[in-house]
Amino acid sequence: MRTISFTLNGRPTAVTTDETRLLLWVLRDDLNLTGTKYGCGQATCGSCAVVIDKASARACATRIGDVAGKSVTTIEGLAQNGRLHPVQQAFLDHAGYQCGFCTPGMIMDIYASLEKNPSAAPEQVMREELESHLCRCGAHPRILDAVKSASAAMKGGVR
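As the structure is a computational prediction, the values presented were derived from the model and not from experiment.

Take the packing of aromatic side chains next. The way to describe two aromatic rings as a pair is by their centre distance and the angle between their planes. Across all of its chains, the model carries 1 aromatic pair by this definition. An angle of 35° between the planes, with centres 5.3 Å apart, marks the rings of tryptophan 25 and tyrosine 38 as tilted. Of this pair, tryptophan 25 sits in helix 1 (residues 23-30) while tyrosine 38 sits in the loop between helix 1 and strand 3 (49-52), and the two are 13 residues apart along the sequence. Tyrosine 38 sits in the partly exposed class, given a relative accessible area of 39%.

Within helix 4 (residues 122-129) the residues assigned to the buried category are Pro122, Val125, Met126 and Glu129. Buried positions in helix 4, seen along its axis, are confined to an arc of 100° and lie on one side of it. Elements that come into contact with the buried residues of helix 4 comprise helix 3 (103-116) and helix 5 (140-155).

This part takes up empty space enclosed by the protein. Enumeration according to the criterion identifies 1 cavity of 30 Å³ or more in this entry. In this structure, the largest cavity encloses a volume near 30 Å³. Residue composition of the lining of the largest cavity, by class: 7 nonpolar, 3 polar and no charged.

A sheet is described by the order of its strands in space; here 5 strands give the open sequence 2-1-5-3-4, paired in mixed fashion. Edge positions in the sheet fall to strand 2 (11-17) and strand 4 (55-58), since each of these pairs with one other strand and no more. Ignoring which end each strand starts from, the neighbouring axes of this sheet average 40° apart. Against the sheet, helix 3 touches strand 3, strand 4 and strand 5 (71-73), its axis set at about 30° to strand 3.

With that settled, the discussion passes to the environment of arginine 136. Note on placement: arginine 136 falls in the loop between helix 4 and helix 5. Classification of arginine 136 by relative accessible area gives exposed; the value is 86%. Spatially, the C-alpha atoms of arginine 136 and glycine 65 are 33 Å apart, while their sequence positions differ by 71 residues.

Next up on the list: the state of the cysteines. Counted according to the given criterion, the structure contains 0 disulfides. The cysteine cysteine 40 is free of any disulfide, with cysteine 45 supplying the nearest cysteine sulfur at 3.8 Å. The class for cysteine 40 is partly exposed, based on a relative accessible area of 25%. For cysteine 45, a relative accessible area of 8% corresponds to the buried category.

Okay, the nonpolar core next. Within the largest apolar cluster, 27 residues are counted, with the highest numbers of intra-cluster contacts made by Val87, Phe91, Met106, Met108, Ile110, Leu114 and Ile143. Elements supplying a minimum of two residues to this core: strand 3, helix 2 (86-93), helix 3, helix 4 and helix 5. A total of 7 residues in this core trace back to one element, the largest contributor, which is helix 3. Apart from the residues lying within four places of it in its own chain, the contact partners of methionine 108 are Ala49, Val50, Val51, Thr73, Thr74, Ile75 and Leu78. By size, the runner-up hydrophobic cluster in this structure holds 18 residues, among which are Leu24, Leu27, Leu33 and Ile52.

Reading the values: rules and limits
Residues numbered from 1 in each chain as written. Predicted model: local features only at pLDDT ≥ 70, side-chain atom pairs only at ≥ 80, totals over all residues. Heavy atoms only, no water. Phe/Tyr/Trp six-rings, centres within 6.5 Å; stacked < 30°, edge-to-face > 60°. Helix = DSSP H or I, 4+ residues; strand = E, 2+ residues; numbered from the N terminus. Buried < 20%, exposed > 50% of the residue type's maximum accessible area, 1.4 Å probe, protein only. Arc of directions from axis to C-beta. Contact = heavy atoms within 4.5 Å. 1 Å grid on protein atoms, 1.4 Å probe; cavity = no way out; pocket = protein on both sides within 12 Å on 5 of 7 lines; lining within 4 Å. Points joined across faces, edges and corners; volume = space filled by probe spheres on them. Nonpolar A, V, L, I, M, F, W, Y, C, P; charged D, E, K, R; others polar. Pairing = 2+ DSSP bridges. Axes fitted to C-alpha atoms, helices over the stretch in contact; angles between N-to-C directions. Disulfide = S-S within 2.5 Å. Core = buried A, V, L, I, M, F, W, Y, C linked by side-chain atoms within 4.5 Å.

As structure tokens, this is what we get:
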């Protein structure tokens, strides 16, 4: 057991646990942040995407000990002051989901991508970031519309 300190959704956080436990289970079971989903458990479906130090990561393949001293953002950490983040709002506005199970992971990858490169073309974001998401829903045209809206909003400095 070890106490691991990190920043979670902008707040200092410490957990005492086995440092080899997966971040996914610490988020869901210990910290009650259930927006990060368990999908394949092999870092291939994207349902567990979170952002660690501004880069997308798969929580199902990240040990909690590896986030010591780092900043972790989950889907629960995007909204600020009661307002959805532009990526969340765009998904809502364009109904960029069907069953919604993988939506938090998609939103986190799009968020990380647009934070890294706000001038990226929405089609580029879709191709590069969402290709690693296994989603059988038919919402991809609406997701692309959401990415276009989020990209425009984030270029305007809206967070």
